[in-house]
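Secondary and tertiary structure notes
The lines below spell out each chain.
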Amino acid sequence: MQMALALNSGPEFCRDLVYTSLLHDCGKIGVSEAILNINGPLNEEQFAEVKKHSQLGFEITSKIDYLRPASIIIRQHHERWNGQGYPGGLRGEEIFLGARIVAVADTLDAMTSSRPYRRALDFKAAIIELRALWGSQLDPRLVDIFISLLTTETSGAGIAETAPRRLLLVGVAPEITRMMVEALPAERYHLTGVDASEQALSLLECSDMVICALCPVEMDACLGFLAECRRSRPQVIRIMQIENKDMERITETINQTGLYAYLVSPLRADEILALIENAFEWRAMAENLDFDGLVPVTANAEDQRVTTPENGKKQAGTVNVSKAKRSKPARRT
């Protein structure tokens, strides 16, 4: 988001970037779960299956009026500056600017996130790797801007001191609480723990985030508390801590309670910090963007606010949606 603002992009473009950042991998819902869960490098056939997700994501989101501009970014976010990406083999500025921005951010996120088969890189190592992709996989100008923003932010230049973020832990087991205390910097996070949702309701006014542990025996009470939190304090970030074995039973929980995410046990300290930091970043983005003040994209609009050279439109900032919806998947490289 800061990169988009550095490029003096308008609020509509920033909004579409937020949607894309949240939904860019939504097409993986159509990819075999067995392949997605492989703990190691993929073979050629498996990788070909995974590569379908960007086109699938486009097909899903392009059917939703207000997501149509973002759908083009979703389709193109694995294109590469040197033309060796997918699904269309686009190169350079043939790739929509939003997709080039998301590619840089997604690459850094992948480097600094742990995977079952490798540990996350630290920040300095990730910056070195990012520079190595300058002008090959990634837009060189955007890499320079991105690194400049990151290094300025991490040096603390121009960043005002803020009060610690207040986390309310509801029904979280002592061992998980200890792990959170160790994972989260004390100068930036203040944790308060309570055993029951009834106690937690009185503390919502002074909380920035709620992490509620799901207890199967008290599931209704847990969901009721989160729903009340959503109703009375919608600005409070809601996260559920849950055991992996219970995931399948609560597929509707996000819709009911507006959860930002799950913390799935067994947990790792680096995952806790990353998820919580990302949650506050998304909240800041939402607060800085006037979503309600933007004109929604209409279903019968012929031209939208994105550019897509692969569909043959030359005018900056537009794409023929009717053509985009009818187009066949481009050749995969």
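Below you will find a few notes about this structure. Just so it is clear, the model here is predicted, and its values are computed rather than measured. (Residues numbered from 1 in each chain as written. Predicted model: local features only at pLDDT ≥ 70, side-chain atom pairs only at ≥ 80, totals over all residues. Heavy atoms only, no water.)

**Structural notes on helix α2 (residues 11-23)**
Formally: Secondary structure elements follow DSSP: runs of H or I no shorter than four residues count as helices, runs of E no shorter than two count as strands, and numbering proceeds from the N terminus. Residue count minus one, scaled by 1.5 Å, sets the expected span of a helix. Per-residue accessibility, obtained with a 1.4 Å probe over protein chains only, is compared with the maximum for each type, and a residue is labelled buried under 20%, exposed over 50%, and partly exposed between these values.
With 13 residues, α2 should cover 18 Å at 1.5 Å per step; its first-to-last C-alpha distance of 18 Å lies within 8% of that length. The set of residues buried in α2 consists of F13, C14, R15, D16, L17, V18, Y19 and T20.

**Looking at the sheet that holds strand β3 (residues 209-213)**
We apply this condition: Strand pairing is defined by DSSP finding a minimum of two bridges between the two strands. Note on method: axes are straight lines fitted to C-alpha atoms, helices fitted across the in-contact stretch only, with angles between N-to-C directions ranging 0 to 180 degrees. Residue contacts are counted whenever heavy atoms from the two residues lie within 4.5 Å of one another.
Pairing is parallel in the open sheet, where five strands are placed in the order β2-β1-β3-β4-β5. Looking along the sheet, the strands with just one partner apiece sit at the ends: β2 (189-194) and β5 (261-265). Averaged over neighbouring strand pairs, the angle between their axes works out to 20° when direction is ignored. Sheet topology places strand β1 (residues 165-170) next to β2; six bridges connect them, and they run parallel. When the bridges of β2 are listed, L169 appears paired with G193. Across the sheet, helix α12 (residues 219-232) touches β1, β3 and β4 (237-243), and the angle it forms with β3 is around 165°.

**Topic: the packing of aromatic side chains**
Rules: Each pair of aromatic rings taken from Phe, Tyr and Trp, with Trp reduced to its six-membered ring, is defined by centres within 6.5 Å and is described as stacked if the planes are under 30 degrees apart, edge-to-face if over 60, and tilted in the remaining cases. Criterion for a charge above a ring: Arg CZ or Lys NZ at most 6 Å from the ring centre, at most 35 degrees from the ring normal.
Taken as a whole and judged by the stated rule, the model has four aromatic pairs. Arranged with centres 6.1 Å apart and planes meeting at 90°, the rings of F47 and Y86 form a pair that is edge-to-face. Of the two residues, F47 is situated in helix α4 (residues 44-50) and Y86 in the loop between α6 (68-76) and α7 (97-111); the sequence distance between them amounts to 39 residues. Relative accessible area serves as the criterion here: at 9%, Y86 is assigned to the buried category. Taking the centre distance of 6.2 Å and the plane angle of 55° together, the rings of Y189 and F280 count as tilted. Residue Y189 is found in strand β2, and its partner F280 is found in helix α14 (residues 269-288); the two are separated by 91 residues along the sequence. In this arrangement the basic side chain of R75 is found over the ring face of F58, its NZ or CZ atom lying 5.9 Å from the centre.

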